[in-house]
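Next come the chains, spelled out residue by residue.
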Amino acid sequence: MEEAQVLAGLKRKRTILEYITSYGFITPALIILGVFAIFPTIYVFYLSLFDWSMIGGKTFIGLQNYINLLIKPPKSTDFWHAAIVTLEYVALNVPISMALSLFLATLLMKPIKFRSFFRLGIFVAYVTPLVATSIVWEWIFHPDYGILNSILKMLHLPPSPWLNGFPSALFAIVIYNVWHELGYSTILFMAGLTAVSKELQEAAEIDGANQWGVFRHVTWPLLSPTTFYIFIISLISSFRMFTPVLVLTQGGPYNSTTTIGYMLYREAFQYWHSGFASAIAVVLFGIIFTITLIQFRVTGRRVFYSEGSEGES
Amino acid sequence: MKTNLKKSYFFTYLILAIATIIMVFPFYWMIVTSLSKPENLFAYPPKLLPDFQWKNYVDMWNSNPQGVPWTRYIFNTLFVALSTTLLSLFNSSLAGFAFAKLKFPWKNQIFMIILGIMMIPGELLLIPNYLTLFRLHWLNSYQALILPFGASVFGIFLTRQAFKQLPNELWEAAQIDGCSIARFYFNIALPIIRPTLFAFALFVFLGSWNAFMWPLIVNTDPRFMTLEVALYSFIGAESTNWQLLAAAATMATAPVLILFLIFQTQFIEGISRGAIKG
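Described below are features of the structure shown in this document. (Residues numbered from 1 in each chain as written. Chains lettered and ligands numbered in written order. Predicted model: local features only at pLDDT ≥ 70, side-chain atom pairs only at ≥ 80, totals over all residues. Heavy atoms only, no water.)

The next subject is the overall build of chain A. Along the backbone of chain A there are 12 helices and two strands. Radius of gyration (C-alpha) of chain A: 26 Å, far over the 20 Å computed for a compact globule of 313 residues. Taken along its principal axes, the extent of the C-alpha atoms in chain A is 95 × 70 × 35 Å. Residue burial in chain A is summarised as follows: out of 313 residues, 55% are buried. For chain A, the proportion of contacts with a sequence separation of at least 24, taken over those separated by at least 6, is 65%. Accessible surface computed for chain A: about 14400 Å², of which carbon and sulfur atoms make up 68%. For chain A, the separation between the mean place of its 19 positive charges and that of its 17 negative charges on side chains is 3 Å. (Helix = DSSP H or I, 4+ residues; strand = E, 2+ residues; numbered from the N terminus. Rg over C-alpha atoms; globule rule 2.2 N^0.38 Å. Buried < 20%, exposed > 50% of the residue type's maximum accessible area, 1.4 Å probe, protein only. Contact = heavy atoms within 4.5 Å. Areas by Shrake-Rupley, 256 points an atom, 1.4 Å probe, with all protein chains shown as cover. Lys, Arg positive; Asp, Glu negative; His and termini not counted. Charge placed at Lys NZ, Arg CZ, Asp CG, Glu CD.)

Take a look at the structure:
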C-alpha cells in the first residue's frame with residue numbers, strides 16, 4: 001500500500017518534471033516566434049489604422065489608409081496600377097515557368113545518361129544570391145553592349161531596350177525570375193513524376209498509345225496534385241516578388257514594373273509612410289491568404305512559404 | 001521502333017543540353033566579364049573567352065566600397081549565417097523534440113499555432129519587426145540579422161518528424177535507466193537525426209547568406225552590412241565598371257556555388273521530399 005503510494009508519487013513527480021522540461025524546451029523557439037512572427041502579425045493590423053511615419057506621433061484614422069489605398073485617388077490609382085502590373089507579371093511568369101519546368105522534368109525522367117549533370121545545371125541558379133545574379137543579368141540585358149542584343153543583332157532581329165523600355169522591362173524581369181526559379185519547380189515536378197506509377201505508363205505504351213497520348217491520358221491526370229501544388233507556390237511567390245524589381249528596374253520605366261510588393265517597400269522604407277504601407281501589407285497578405293485557403297481546401301496540404309528569411313522572395 | 005526510340009533520345013539530349021547551357025551561361029558570362037579588359041567589354045561581336053585580367057579582382061578588392069573593406073562584409077555575412085544556423089538548429093530541434101516525444105498540457109494547441117505561422121508571408125512582418133528593432137536599439141547590429149531567424153517553424157516541423165522516427169523502446173529504456181530528458185536529447189536523440197539536422201542547416205545557412213531585403217532595411221551602417229547589401233550599393237558606386245561589378249558578384253556567388261556542388265544531393269533530395277520552402 002505504502003509502496004504503491006510512493007510509486008505513484010514518483011510517477012507524478014516525473015510527469016511534472018516532464019512538463020517543466022517540455023516548456024523549457026519550447027520556450028526559446030516560442031519567444032523568438034512570438035516576438036518576430038506572432039506579435040507583428042497582429043501589430044501590423046493595428047498600425048494600418050494610423051497616419052504615422054515611423055518617427056513622430058501616430059494619429060488614429062480608422063480605415064482611412066484602406067480607403068486611400070483602394071478607393072480614393074491619387075494613392076488608389078498607384079495601387080491599382082501596381083495590382084495590374086503584378087497580375088501581368090503573374091500571368092506571364094506562372095505559365096511560362098510551369099510549362100518549361102514540366103517539359104524539362106519529363107525529359108529528365110527518361111532513361112538517359114548524365115541525368116544528374118543536366119539536373120545540376122538546370123537547378124544551380126536557384127541557390128545563388130539575387131543581387132549578385134541580377135548584376136550579371138543587368139549586363140546581359142544592357143541595351144547597347146549586352147550579349148542578348150548582340151545575339152539578336154547577329155540573327156538580324158531588332159534589338160530591345162530590355163530593362164530600360166516599356167513593356168520590355170517586365171518581360172526582362174520575367175526572364176530573370178524564370179531563370180532563377182526554374183530549377184526548383186523542375187525538381188518538384190521530377191518528384192511528382194517519380195511518384196506517378198511507371199507500370200501504368202508502360203502498360204499504356206504497350207497498348208499502343210504514343211508518347212503524347214500516354215502523357216495526356218495517364219501522366220497528366222495522375223500528376224495533377226503536384227501540378228496544383230507547384231501552381232499555388234509559384235502563384236504566391238509571384239505575388240510577393242519584389243527584390244529583382246528593386247535591383248533591376250526600381251519599378252521603372254514609368255512604374256511599368258512597380259509590383260504591389262515593390263510599392264510596399266517604397267512606401268514603407270523610402271517614403272516612410274508606415275501606417276499606409278502597413279495597409280498595403282495587410283492587403284497583400286489578404287490575397288496570399290485567400291490563395292492558401294483555396295489550396296488548403298482543395299488538397300489539405302500545407303504550403304511552406306515564409307521560412308528561412310524574409311530576404312529571399 | 002528501336003531507331004525511333006534512339007531518335008527521340010537524340011532530341012532529349014539536344015534539348016537538355018541547350019537548356020543546361022542557357023541556365024549555366026550567366027555564371028560563365030559573369031566570370032568572363034570579371035576577367036575582361038575594360039575595352040573588350042563593349043566589343044561587337046562579343047568576346048566569349050576571358051582575357052584573364054586578374055587585375056580586376058585586385059581593383060575590386062581594393063575598392064573599399066562605402067569606406068569598408070570587403071573582408072568586413074565577408075566576415076559579417078559568414079558570422080551572421082553561421083550564428084543564425086547554429087541558433088536556429090538549436091532552438092528548432094529542442095522544440096521539435098518536445099513536440100515529438102514529450103507530453104505536456106496544451107501541446108497540440110501550441111503546435112497548431114506554430115504551424116499557423118507558416119501562412120504568414122515575410123512582407124507582413126517587415127514594418128512591425130523594423131519597429132521592434134528600432135525600439136530595442138538594435139538597428140545596425142548583428143543581432144538584427146540573427147535573432148529574428150533564430151527559430152524556424154519549418155525546422156521545428158522537420159526535426160519533429162525525424163524525432164518521431166526514434167523507436168519508443170529507446171526512449172523508454174533510457175527513462176528506466178534514469179537518463180534525464182536533456183541528456184537523452186543531447187547524447188542520443190540529436191546524434192541519430194544528424195542527416196536531418198545537416199540538411200536543415202544547409203538551407204538556413206543558404207537562406208541567411210542570400211538574404212537581402214531584411215538586411216538592406218535594418219542595417220544601413222556599412223560596418224554591419226552583408227555581402228548582398230554591399231553589392232547592391234556597389235552597383236550604385238561602380239555603375240559602368242562591369243568588370244568590377246562582375247568580379248564582386250563572382251566573389252559573392254562562388255561560396256554558395258561551391259557549397260552547393262559539394263552537397264548537391266542533400267539540397268536536391270531535401271527539395272524533392274517536398275520538405276523545403278518555395
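The subject of this paragraph is the overall build of chain B. Helices and strands together make up the secondary structure of chain B, namely 14 helices and zero strands. In chain B, the order of α-helices and β-strands from amino to carboxyl end is α-α-α-α-α-α-α-α-α-α-α-α-α-α. What you see for chain B is a C-alpha radius of gyration of 24 Å, clearly larger than the 19 Å of a compact globule of 278 residues, by over 25%. Seen through its C-alpha atoms, chain B measures out along the principal axes to roughly 75 × 70 × 35 Å. For chain B, the proportion of its 278 residues judged to be buried stands at 56%. Here the analysis covers contacts within chain B between residues at least 6 apart in sequence; of these, 71% occur between residues at least 24 apart. Total accessible area on chain B is roughly 12200 Å²; 67% of this is exposed by carbon and sulfur atoms. Taking the 18 positively charged and 11 negatively charged side chains of chain B as two groups, their mean positions are separated by 9 Å.

Right, let's get into the pairing of strand β2 (residues 55-60) of chain A. When a strand is regular, its side chains alternate between the sheet's two faces. Burial analysis of β2 of chain A places just zero of its six residues in the buried class, a small minority of the element. Counting the residues between successive antiparallel strands, the hairpin from strand β1 (residues 50-53) of chain A to β2 of chain A contains one residue, one of them, Met54 of chain A, with a positive phi of roughly 70°. (Pairing = 2+ DSSP bridges.)

Right, let's get into a nonpolar patch on the surface. The grouping of Ile16, Tyr19, Ile20 and Tyr23 of chain A together with Trp106 of chain B at the surface amounts to a nonpolar patch, some 530 Å² of accessible area in total. Along the polypeptide, Ile20 of chain A turns up in helix α1 (residues 2-47). Since its relative accessible area comes to 56%, Ile20 of chain A is described here as exposed. (Patch = residues over 30% accessible without salt bridge, like charges linked within 9 Å, V, L, I, M, F, W, Y side chains within 5 Å. Salt bridge = Lys/Arg side-chain N within 4 Å of Asp/Glu carboxyl O.)

Here the focus is the pairing of β1 of chain A. Residues and elements named next belong to chain A. Residues Phe50 and Trp52 line the buried face of β1, whereas the alternating positions Asp51 and Ser53 sit on a face that is not buried. As paired elements, β1 and β2 share three bridges and run antiparallel to each other. Across the sheet, Asp51 pairs through a bridge with Thr59, a residue of β2.

Attention now goes to the interface of chain B and chain A. Across the contact, 104 residues belong to chain B and 103 residues belong to chain A. Note that Arg240 of chain A and Glu123 of chain B form a salt bridge whose closest N and O atoms lie 2.8 Å from each other. The tally of links from chain B across to chain A stands at 12 residue pairs in polar contact (both at pLDDT 80 or more). The dominant element in the side of chain B that touches chain A, judged by the number of residues it contributes, is helix α1 (residues 2-34) of chain B, at 18 residues. Its residues assigned to classes, the side of chain B that touches chain A comprises 80 nonpolar, 18 polar and six charged. (Polar contact = N/O pair within 3.5 Å; in protein donor to acceptor, adjacent residues only side chain to side chain. Nonpolar A, V, L, I, M, F, W, Y, C, P; charged D, E, K, R; others polar.)

Attention now moves to the packing of aromatic side chains. A full pass over the atoms with the stated rule returns 59 aromatic pairs over all chains. By way of ring pairs, the aromatic residues Phe25 of chain A together with Phe90, Phe97, Phe163, Trp171, Phe184, Tyr185 and Phe186 of chain B are connected into one cluster. Here the basic side chain of Lys58 of chain A rests over the ring of Trp52 of chain A, its NZ or CZ set 4.9 Å away from the ring centre. In this structure, Arg72 of chain B is placed above the aromatic ring of Phe224 of chain B, and the distance from its NZ or CZ to the ring centre is 5.6 Å. (Phe/Tyr/Trp six-rings, centres within 6.5 Å; stacked < 30°, edge-to-face > 60°. Lys NZ or Arg CZ within 6 Å of the ring centre and 35° of its normal.)

Attention shifts here to the layout of surface pockets. There is about 610 Å³ of room inside the second largest pocket. What lines the second largest pocket is a set of 24 residues, and nearest its centre among them are Trp137, Ile175 and Trp179 of chain A together with Ile22 and Met23 of chain B. Contributing elements (two or more residues each) for the lining of the second largest pocket: α3 (75-108), α5 (130-140), α6 (147-154) and α7 (168-195) of chain A together with α1 of chain B. Residue contributions to the lining of the second largest pocket peak at eight residues, all from α1 of chain B. (1 Å grid on protein atoms, 1.4 Å probe; cavity = no way out; pocket = protein on both sides within 12 Å on 5 of 7 lines; lining within 4 Å. Points joined across faces, edges and corners; volume = space filled by probe spheres on them.)

With that settled, the discussion passes to the side chain of Ser278 of chain A. Counting through the fold element by element, Ser278 of chain A comes out in helix α12 (residues 274-299). Sequence-distant contacts of Ser278 of chain A, that is, excluding residues within four places in its chain, are made with Val44, Leu47 and Ser48 of chain A together with Ile127 of chain B.

A word on the side chain of Thr292 of chain A. Residues and elements named next belong to chain A. With respect to the helices and strands, the residue Thr292 is situated in helix α12. Given a relative accessible area of 2%, Thr292 falls into the buried group. For Thr292, the side chain forms a polar contact with the main-chain oxygen of Ile288, separated by 2.7 Å.

What follows is about the nonpolar core. Ranked by internal contacts, the top residues of the largest apolar core, which has 196 residues, are Tyr265 of chain A together with Trp70, Phe97, Phe99, Phe163 and Val218 of chain B. Top element by residues in this core is α7 of chain A. It accounts for 14 residues. When neighbours within four sequence positions are excluded, Tyr265 of chain A is seen to be in contact with Phe242, Leu246 and Gln270 of chain A together with Met213, Leu216 and Ile217 of chain B. (Core = buried A, V, L, I, M, F, W, Y, C linked by side-chain atoms within 4.5 Å.)

Another point: the pattern of salt bridges. Residue and element names in this part refer to chain B. Taken as a whole and assessed by the stated rule, the structure comprises five salt bridges over all chains. Between Lys55 and Asp59 there is a salt bridge, with its nearest N and O atoms 2.9 Å apart. Of the two residues, Lys55 and Asp59 are both situated in helix α2 (residues 55-61); the distance of four residues between them amounts to about one turn of the helix. Residue classification places Asp59 among the partly exposed positions, given a relative accessible area of 31%.

Time to look at unusual backbone geometry. Cis geometry marks the peptide bond from Phe166 of chain A to Pro167 of chain A; its omega dihedral reads 5°. Inspection of the secondary structure assignment puts Pro167 of chain A in the loop between α6 and α7. For the bond from Gly252 of chain A to Pro253 of chain A, the omega torsion is -15°, close enough to zero to count as cis. In this fold, Pro253 of chain A is placed in the loop between α10 (243-248) and α11 (260-269). The backbone of Phe52 of chain B sits at a positive phi, close to 55°, despite the residue not being glycine.

Within α5 of chain A, 11 of the 11 residues are buried, which leaves it mostly tucked inside the rest of the structure. Three or more residues of α5 of chain A are buried, namely Leu130, Val131, Ala132, Thr133, Ser134, Ile135, Val136, Trp137, Glu138, Trp139 and Ile140 of chain A.

Next up on the list: the packing of α11 of chain A against helix α5 (residues 122-135) of chain B. At a minimum axis separation of 11 Å, α11 of chain A and α5 of chain B run at an interaxial angle of 10°. When the axes of α11 of chain A and α5 of chain B are compared, the pair comes out roughly parallel. On the side of α11 of chain A, the interface is formed by Leu264, Ala268 and Phe269 of chain A, while α5 of chain B contributes Glu123, Leu126, Ile127 and Tyr130 of chain B. Its residues assigned to classes, the contact of α11 of chain A with α5 of chain B shows six nonpolar, no polar and one charged. (Axes fitted to C-alpha atoms, helices over the stretch in contact; angles between N-to-C directions. Parallel < 35°, antiparallel > 145°, perpendicular 65-115°, else oblique.)

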